[in-house]
Each structure stands twice: as C-alpha cells, then as structure tokens.
Amino acid sequence: MAEHMKERYEDSDLYRIRHSAAHVMAEAVLEMFPEAKYTIGPPIENGFYYDFDLPRPLTPEDLEKIEKRMRQIIAGHHKFERQVVSAAEARGIFKDQPYKLELIEGLEQGGFDEYGNPLDEKPEISIYKSDTFVDLCRGPHVEHTGQINPSALKLMQVSGAYWRGDENNPMLQRIYGTAWKTSKELEEYLWQIEEARKRDHRKLGKELEIFTFDDEVGPGLPLWLPRGAVIIDELEKLAKEKEDAAGYLRVRTPHLAKQDLFIHSGHLPYYAESMFPPMEMEGTKYYIKPMNCPMHHKIFGSRPRSYREMPVRLAEYGDCYRYEKSGELFGLMRVRSMQMNDAHMYCAEDQFEQEFMGVIDLYHQYFDIFGIDKYLMRLSTHHRSGLGKKYVDNERLWLKTEEMVRRAMDNGEVPYEEIPDEAAFYGPKIDVQIWSVIGREFTLATNQVDFAVPPRFNLSFINREGLEETPLCIHRAPLSTHERMIGFLLEHYAGSLPVWLSPDQVRVIPITDAHDDYAARLASQMRSQGIRAEADLSNDRMNAKIRQAQLFKVPYMLVVGDREMADGTVSLRKRDGSRADGMPVDDFIRLVQDRIAHRSKEL
Ligand SMILES: [Zn+2]
Ligand SMILES: [Zn+2]
C-alpha cells in the first residue's frame, strides 16, 4: 500500500482551514485593538499563528474573548475574496501597517514572499478580503468562513516572537491556534498534547535519572547517568546482534580528523556551518567529525577489494559532533554530541536492491521489538532539471537506484510516499518517520543512496571480469542516534521501559531489617544470572521503598519476609499492579530471563 505522491500539506483542506482561521483570528484581534499592527499569520504543523504588535500583553481572558468572537465571525459565512493589486495600491491599503509595508517592499523587489521567506521569482501581489478584514496574502483559503468548524477550533497560547526572528527587531505577540475538521480530531490532538507533556523525555529523563545537562560541560552535550548508560548498552547489544547476523563488520574510528579529509568528503565548505570550529596543531587544522562516513570510506579504500568480498558493510556506533544554534537545542532531540547507529554498505550495482531490502528488514525487526505500528518512509527523488546542478549528473544511476528503492519498498510492504525533487545531492534519500503510541511523529533517521562519494574517494573493487568497478554506497542508521532514540522511547513507553531495556529490572524489598540478608543474597544471585537486581537496604519503611521503586518504574518488585525466607520464595509485585505471592525463586528468575532473552513487550 505504497502512498505514492501523497498530498502535500500546502494543498490540503486542513491547510486552507488553518490559514483561514488565522485571518478570522486577526479580524477579532483588530476589533479588540484597533491600533494593533499585524504582521504574518501562516499555517503551521497542527495549527496556525499570527504575530501582532499590540499596546499591551494579552491575557488568558483576552484569548477566550478572541476565540468567542472568532466563532461569531465564522457564523457569518463571510466569503474570502481575492484581488490582485499593484504595489502602489497595496501600499495605500496598508498605509497604517508598517510591517505590511515592509512585506510589500519585499514582494515588489522580488526574492521574498508575504511571509518573508526567500522566493525564486517575483510574485504577483494579492490581497484577500473577508468580512472587515483585509490581508496581504496569496491564499489559499476556504470559500467562506462557514467552512471552518467552530467546534474544532481552539486558541492555544501566546508567546513572544521577534519580527522576522531577529532579536534586534521589535518583540511581537504570537497567538497560536489549532483548527481541525471535526471536534473529535481536536479532542484527540489536545489529548495528545497533554499526554506528550506527561511523557516529555526531558521530564522523564530527570525523574528516572537517565541523563542530565551541565552548564560547565556545555549546552547540547548530554551526560548519560548510570541508568542511561544501561539503556545505551542494551541498544548497542541489540544493534550488534542484528548487524552481526546480517553480515556487518564492526570498525572504530577517531573523533577528529585533518581538514583535508573533510575537504575531500565535501563537508567543507558545504557543511561547515554545522561543524565545530577547527583546532590547530603542528600547523595543521583538525575538525571534530560531524559524520562517520569519510572514515568508513577510508577503511573500505585501505586495500584492494575483490567482488568476492562484496558487499562490504562497515558498522560503528560513531560519536559525532554538530553545531546547532543554542536556541534550537532541545533535550535529547537536538543536541551537539550524538552517538549514531551508523553503517556504510558498499555494493555492486546488481547487489543494491538486495542490500537495500536488508536495511528495510532491519527496520521491520526493530519496529516489531519496540511496538512501533505506524511508520512511513519518505523517498525523495531527483528531477531531471537539477542534474549537474542540484544533483550529481548521472541520470542512469538516479533512475536505476530510485527504481530499485521503490521495488525494495514495495516488496517489503513498506508504506512510503514519494517526494520529487527533494533528493540529496548524491542520491535518493529515504527519511523514516515513526509515530509514538500517543500518535506523535518523530523523524527517526535518514537512509541515503550515494553514488557521488565512491568515485570521489576513488573507491573500487575488482569485478568478475577483472576490471575496476566503482561501488555504490548506502548510508543507514535504523536506530538513529542514542539521543534521539532514547528520547523517543521515553515518550513512547512513558518511561515504563520493557524489562530488557529497564535500567533496574528487579528491586528486592525486605519487610524488616531482619530480612536484609536474604534480600541481599537474592539480589546477588540474580545479578550473577544476568539480571539487573538491587536490594533496597535503606532505613526507609517498606511502603516508602515500594513507592521509590514505583517512581523509578522498576518492572518487578520482590517483597521478602519471614515466610519467603522460610520457603525460599518471593512475593512478586509487577509494575502493572499484578501480584503473585509465594513464587519459587527459580521460577521468578526463569520468568525474567525469558523476558530479557526475547526482548518481550510483556512483563
Ligand atoms: Zn491568507
Ligand atoms: Zn554516512
């Protein structure tokens, strides 16, 4: 069920509804503050906003009033009427609106659209009128306000935003709203936001002692605490198991390299702004690596290769460092240091499809383990007109690899959509989107086909005919980075990680200190059998210890007292609240070992 050429958001009903709702909101705000200056109001993911320069800060009560007024405006079924105007006419209409005048100037000179975004050609200037409101706008809109569902609309919040995102410009007030087709969709969205707040990986990461940030270490550089390091170890173990089985070879590479390497790879100068600045030693500049690729290419090229050993798959959990603006850092999702589930596969053209299938197969296995039911691959392809400019000039390879990728995804029954003219310079690109259990979308990783880099690094192998042949390269990272993956998993599981991933798997809780020794012995016995178990021998009361274990979302609590000591049993309380008293110790150990061995979803 491939979703070829899915409708773009910009062409959807929701986009029109949200953009129209932004106009209605602006009308209501202008009625409330006739002296208001208004700027831009585009639709965004899940909603819309509009930025205003207002005489005073908005209050929650204001938002309520604006929302109420919006419903009245909607009920008027006012038509959205488009009109093309000259720049001079536009200036007349918006003569009291300095921000609009600035935008008109941008439109007139060309190069910018009405939102101030760069534009290739000089646009026509159009305005849209509905009821009393006029906006500089190229649409699209619904036909009339009645097509906005008043019960599927909500104003969310107000926040500050600089005009054109520049801190030297005036601070504006941005009102965020959301609009849907039905009230049910709105409710689901609000539920999802609330759930996401509870499941925020930054909040859970702190409560569960997974990771932390430290000012002196630096922004965007997470410190993994012991519990986080356990999760990382388990993910790497999983990756190694699967990659070993799929015939990958593991390599290790340094964190930095000479400038020459990154010039050769093309990272400098094209990717320089995403790299940490260079350091100089012995008259040579060194850079911290933003990607592992060039090092792996060097390993492939370190000796002659024969067709007999192809494909070569080089894997590494590689540490990379990238510069992200401090304002864009976000928990584990946007960081400056990352550990990537990286690999590069070098193969002959006739091996490509199968290699690509192998990557898809890995995805399936991981999605199954993590209970990810909804996912989508976005295949970005080339366009002829960009060959030799935006894209490597090799039409034959573009067409061939794109077709092979399509076939691999069709055969693998992978849902995908195709985005024309969005490929990387060096080959088609596959972005993987996954949805957490509460329906939030995450970009997991990007897979790329690369036919530019192998010739660039003179990579070759001797084919069956004894001739030198250039391989294709696939970049892939199905488990993404530890940072992004664990951020996702914390939300996905709401912190209640499955047993195999849980930093603490078993907490043994003695009823009184007379049972401390038995508890400690049990914990140590389990540890020697590959289970992460601790006995809580603190001075707290039993109930406090149970609460503590619950806070850390420990999958299994074992309460032990006189009876358990005498019988060699445990009283089991699972994280989900279910209980089993008088369970023989060996039975319990077998249960946990089984859950771990199968990376089971169940407790
Ligand atoms: Zn508009
Ligand atoms: Zn790569």
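Everything below is about the structure printed above this text.
The text that follows walks through the structure, step by step, so that each part is easy to find.

Scoring rules and cut-offs
Residues numbered from 1 in each chain as written. Chains lettered and ligands numbered in written order. Predicted model: local features only at pLDDT ≥ 70, side-chain atom pairs only at ≥ 80, totals over all residues. Heavy atoms only, no water. Pairing = 2+ DSSP bridges. Helix = DSSP H or I, 4+ residues; strand = E, 2+ residues; numbered from the N terminus. Buried < 20%, exposed > 50% of the residue type's maximum accessible area, 1.4 Å probe, protein only. Polar contact = N/O pair within 3.5 Å; in protein donor to acceptor, adjacent residues only side chain to side chain. Donors = N, O, S within 2.8 Å, 3.2 Å for Na, K, Ca; no water. Tetrahedral: all angles 85-135°; square planar, octahedral: opposite > 155°, others 65-115°. Salt bridge = Lys/Arg side-chain N within 4 Å of Asp/Glu carboxyl O. Disulfide = S-S within 2.5 Å.

Comments concerning the sheet that holds strand S15 (residues 312–321)
Strand order in this open sheet of 8 strands is S11-S15-S16-S23-S20-S19-S17-S18, and the pairing throughout is mixed. Among the strands making up the open sheet, the edge pair consists of strand S11 (249–250) and strand S18 (416–419). Relative to strand S20 (residues 441–450), strand S19 (residues 429–435) runs antiparallel, the two sharing 7 bridges. When the bridges of S20 are listed, Lys-429 appears paired with Gln-448.

A closer look at the side chain of Arg-476
In this fold, Arg-476 is placed in strand S23 (residues 472–476). Of the residues examined, Arg-476 reaches a relative accessible area of 1% and is grouped as buried. Polar contacts involving the side chain of Arg-476 include one to the side chain of Tyr-248, which spans 3.1 Å.

Section: the coordination of the zinc ion (ligand 2)
Summarising the metal site, the zinc ion (ligand 2) is bound by the protein donors Cys-293 (SG), His-344 (NE2) and His-475 (ND1), whose distances to it range over 2.0 to 2.3 Å. By relative accessible area, which is 0% here, His-344 ends up buried. Residue classification places His-475 among the buried residues on the basis of a relative accessible area of 9%.

Observations concerning the coordination of the zinc ion (ligand 1)
In the first shell of the zinc ion (ligand 1), the protein supplies His-19 (NE2), His-23 (NE2), Cys-137 (SG) and His-141 (NE2), at 1.9 to 2.3 Å from the metal. Considering all 4 donor atoms around the zinc ion (ligand 1), angles at the metal cover 94 to 131° and the coordination shape is tetrahedral. Spacing between the donor residues of the zinc ion (ligand 1) along the chain follows H-x3-H-x113-C-x3-H. Placement of the pair is His-19 and His-23 together in helix H1 (residues 13–32), with a separation of 4 residues, close to one helical turn. His-23 carries the same exposure label as His-19, and that label is buried.

Considerations on the pattern of salt bridges
What the rule picks out here adds up to 46 salt bridges. With a closest N to O distance of 3.0 Å, Glu-349 and Arg-396 form a salt bridge. Residue Glu-349 is found in the loop between strand S16 (337–347) and helix H11 (352–370), and its partner Arg-396 is found in helix H12 (residues 395–411); the two are separated by 47 residues along the sequence. For Glu-349, a relative accessible area of 18% puts it in the buried group. Taking the shortest distance from any N to any O, the salt bridge between Arg-595 and Asp-594 comes out at 3.3 Å. Overall, the relative accessible area of 15% leaves Arg-595 in the buried class. Under the relative-accessibility criterion, Asp-594 is labelled partly exposed at 33%.

Digging into the state of the cysteines
Simply put, disulfide is the name for a covalent bond between the sulfur atoms of two cysteines. Enumeration according to the criterion identifies 0 disulfides in this entry. Cysteine Cys-320 remains unbridged, with the sulfur of Cys-293 as its closest cysteine sulfur at 7.7 Å. Taking the relative accessible area as the measure of exposure, Cys-320 reaches 0% and is therefore buried. You can see Cys-473 has no disulfide; the closest cysteine sulfur is in Cys-293, sitting 7.3 Å from it.

Focus: the pairing of strand S5 (residues 126–130)
Judged by how many residues are buried, S5 sits mostly within the fold: 4 of 5 residues are covered. Pairing geometry for strand S4 (residues 81–84) and S5, over 4 bridges, is antiparallel. By the bridge assignment, Val-84 is partnered in S5 with Ser-126. Examined bridge by bridge, S5 and strand S6 (residues 133–136) share 4 bridges and lie antiparallel to one another. Bridge pairing in S6 links Tyr-128 to Asp-135. Joining the antiparallel neighbours S5 and S6 is a turn of 2 residues, in which Asp-131 adopts a positive phi near 50°.

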